[in-house]
Amino acid sequence: MAATADALPGVSYVMPVLNEAIYIEVAISTVLAQDYAGAKELILALGPSTDDTDAIVARLAASDPRITVVHNPDIDIPVGLNLAIRASKHPIIVRVDAHSELEPGYTSRAVETLERTKAANVGGIMHARGKTPFQVAAARGYNSRFGLGGARYHGGGEEGPAESAYLGVFRREILEEVDYFDETIRRGEDWELNLRIRAAGHTVWFDPQLKVTYWPRDSWSKLARQFCATGIWRGELVRRYRGRNPWRFFVPPVLVLNVLASVVLLVLQVTGVVSGWGSAVASVIYLGPLAYVLLVLWLAFGADRTSKLLDRWFFVVVLPTMHLSWGVGFILGVVRGARDSVDTSRAGI
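Residues numbered from 1 in each chain as written. Predicted model: local features only at pLDDT ≥ 70, side-chain atom pairs only at ≥ 80, totals over all residues. Heavy atoms only, no water.

Some words on a nonpolar patch on the surface
Argument step 1. A cluster of nonpolar side chains, contributed by Val 284, Leu 287, Leu 290, Val 293, Leu 294 and Leu 297, occupies part of the molecular surface with about 530 Å² of accessible area.
Argument step 2. Relative to the assigned elements, Leu 294 resides in helix 13 (residues 287-302).
Argument step 3. The class for Leu 294 is exposed, based on a relative accessible area of 51%. (Patch = residues over 30% accessible without salt bridge, like charges linked within 9 Å, V, L, I, M, F, W, Y side chains within 5 Å. Areas by Shrake-Rupley, 256 points an atom, 1.4 Å probe, with all protein chains shown as cover. Salt bridge = Lys/Arg side-chain N within 4 Å of Asp/Glu carboxyl O. Helix = DSSP H or I, 4+ residues; strand = E, 2+ residues; numbered from the N terminus. Buried < 20%, exposed > 50% of the residue type's maximum accessible area, 1.4 Å probe, protein only.)

Remarks on the environment of Leu 193
Argument step 1. Its location among the elements puts Leu 193 in helix 9 (residues 189-199).
Argument step 2. Taking the C-alpha atoms as reference points, Leu 193 and Leu 175, 18 residues apart in sequence, are found 8.8 Å from one another.
Argument step 3. Aside from chain neighbours lying at most four places away, what touches Leu 193 is Phe 170, Leu 175, Val 178, Tyr 180 and Phe 181. (Contact = heavy atoms within 4.5 Å.)

A closer look at the nonpolar core
Argument step 1. If you look at the biggest cluster of nonpolar residues, it comprises 66 residues, and the most contacted ones within it are Met 15 and Ile 28.
Argument step 2. Looking at this core element by element, the count peaks at seven residues for helix 14 (residues 309-336).
Argument step 3. Counting residues in each nonpolar core, the second largest holds 20 residues, with Val 70, Ala 165, Ile 174 and Leu 175 among its members. (Core = buried A, V, L, I, M, F, W, Y, C linked by side-chain atoms within 4.5 Å.)

Some details on helix 5 (residues 106-117)
Argument step 1. Over its 12 residues, helix 5 runs 16 Å from end to end, which matches the ideal 16 Å to within 8%, given 1.5 Å per residue.
Argument step 2. Among all positions in helix 5, only Tyr 106, Thr 107, Ala 110, Val 111, Thr 113, Leu 114 and Thr 117 are buried. Down the axis of helix 5, the smallest arc covering the buried residues is 160 degrees, so these residues share one side.
Argument step 3. Tucked into the core, helix 5 has its buried residues touching strand 1 (11-17), strand 4 (92-95), strand 5 (100-102), strand 6 (121-128), strand 8 (166-171) and strand 9 (204-214).
Argument step 4. Where helix 5 ends, the next residue or the one after it, Lys 118, has phi of about 60 degrees, a positive value. (Expected span 1.5 Å × (residues − 1). Arc of directions from axis to C-beta.)

Quick notes on the pattern of salt bridges
Argument step 1. Scanning the entire structure with this criterion turns up 16 salt bridges.
Argument step 2. A salt bridge links Arg 109 to Asp 207; the shortest N-O distance between them is 2.6 Å. In this pair, Arg 109 is assigned in helix 5 and Asp 207 in strand 9, connecting sequence segments 98 residues apart.
Argument step 3. Judged by its relative accessible area of 28%, Arg 109 is partly exposed.
Argument step 4. On the accessibility criterion, Asp 207 (0% relative accessible area) is buried.
Argument step 5. Salt bridges linked by common partners bring Glu 112, Arg 116 and Glu 159 together as one network.

A short note on empty space enclosed by the protein
To locate leftover empty space, one rolls a probe as large as a water molecule over the atoms.
Argument step 1. Tallied over the entire structure, the rule returns two cavities of 30 Å³ or more.
Argument step 2. In this structure, the largest cavity encloses a volume near 70 Å³.
Argument step 3. Lining the largest cavity are Ile 75, Asp 76, Ile 77, Arg 186, Arg 187, Val 342, Asp 343 and Arg 346.
Argument step 4. Grouping the constituent residues of the lining of the largest cavity by class yields three nonpolar, no polar and five charged.
Argument step 5. There is about 40 Å³ of room inside the second largest cavity.
Argument step 6. Lining the second largest cavity, in full, are Pro 16, Val 17, Leu 18, Ala 45, Gly 47, Asn 72, Asp 74, Ile 75, Asp 76, Ile 77 and Arg 346. (1 Å grid on protein atoms, 1.4 Å probe; cavity = no way out; pocket = protein on both sides within 12 Å on 5 of 7 lines; lining within 4 Å. Points joined across faces, edges and corners; volume = space filled by probe spheres on them. Nonpolar A, V, L, I, M, F, W, Y, C, P; charged D, E, K, R; others polar.)

Comments concerning the packing of helix 11 (residues 251-270) against helix 13
Argument step 1. For the pair helix 11 and helix 13, the least separation of the axes is 8 Å and the interaxial angle reads 120 degrees. When the axes of helix 11 and helix 13 are compared, the pair comes out oblique. Note that helix 11 runs across helix 13; the crossing there is left-handed. Every residue of helix 13 that contacts helix 11 at Leu 255, Asn 258, Val 259 and Ser 262 is listed here: Gly 288, Pro 289 and Tyr 292.
Argument step 2. Residues of the contact of helix 11 with helix 13, tallied by class, amount to four nonpolar, three polar and no charged. (Axes fitted to C-alpha atoms, helices over the stretch in contact; angles between N-to-C directions. Parallel < 35°, antiparallel > 145°, perpendicular 65-115°, else oblique. Left-handed = near helix turned anticlockwise from the far one by under 90°.)

Let's talk about the packing of aromatic side chains
Argument step 1. Applying the stated rule across the entire model yields 10 aromatic pairs.
Argument step 2. Arranged with centres 6.3 Å apart and planes meeting at 25 degrees, the rings of Tyr 23 and Trp 215 form a pair that is stacked. Taken together, the residues span a long stretch of sequence, with Tyr 23 in the loop between strand 1 and helix 2 (24-32) and Trp 215 in the loop between strand 9 and helix 10 (220-240) at a distance of 192 residues. Assigned by exposure class, Tyr 23 and Trp 215 land together as buried.
Argument step 3. Their ring planes at 75 degrees and their centres at 5.5 Å tell us that Phe 250 and Phe 330 sit as a pair that is edge-to-face. Of this pair, Phe 250 sits in the loop between helix 10 and helix 11 while Phe 330 is found in helix 14, placing the two residues 80 residues apart along the sequence.
Argument step 4. The partly exposed category is assigned to Phe 250, whose relative accessible area is 34%.
Argument step 5. On the basis of relative accessible area, Phe 330 is assigned to the buried category, the value being 5%.
Argument step 6. Here Arg 140 stacks its cationic end above the ring of Phe 315, 4.0 Å away from the centre of that ring. (Phe/Tyr/Trp six-rings, centres within 6.5 Å; stacked < 30°, edge-to-face > 60°. Lys NZ or Arg CZ within 6 Å of the ring centre and 35° of its normal.)

Pasting the structure below:
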């Protein structure tokens, strides 16, 4: 066994942490419990939390020498990730989210996949779960191909080369080659990094056998702010990387524009500004929002007959919140850029 362990590359888990008192202890335990036989360490990039996160992390770090803490004075995820990576020592970097839990065997499978495929980065499926009715509905939105656009790491698919990867298990030399995460990007940093990895001639690989449990935001306000911030930064990435963004990212902003146009038309019709045949022809614009409402209702009550009634009603609220918040943010990001936008749902605000 010792010889096998010595032959395996060491693994450094890196985790940015901010206001995660509810989830951090379990997230860390799933990392430390990984059955990987090689050397392991966990680097926590600790942001300026306003809850009990710091105390929990201090207690855990004092009890386990495999845990190292570096302080991230910012709340930006890419900054924290880069601090943690630079403080780590092993050739394999495993990104972990404080809102997530690694499934048993995740590390061993990921390292084996890296070696088997010669990829630069591998990732698997984000399996969202919830504890409250609202969070359960949000998790269902994450897991649905109608929720976040059908990326394989949300809905599953065949193993093979991919556009991006959830979290990611990286070769350190590749991260050094592409100069780590871009610290000017506060959301979507993983997609942008994988874009540069692929542009450098390397492969990003999807392995559906790799699974990570993810806990979505647990309130409407937090979910809306998270998705708005994500949309803003996606719009910023469209400004920076024109022509390289998949078509699915443009669906939510088109929906938002369609809804806005429908509202304007309705006001014009009610006030008599638009009437007659012109009004009848223009009313075609209502088909978009109507089709969307019918789709949401079918997904909530027709496609799912096993969930509790309350969970299904929450889903009717959650799915449009995800799409419309993301779409509004995207339009803002494209028009004016991301500027200093942050995800306040993480900041305890």
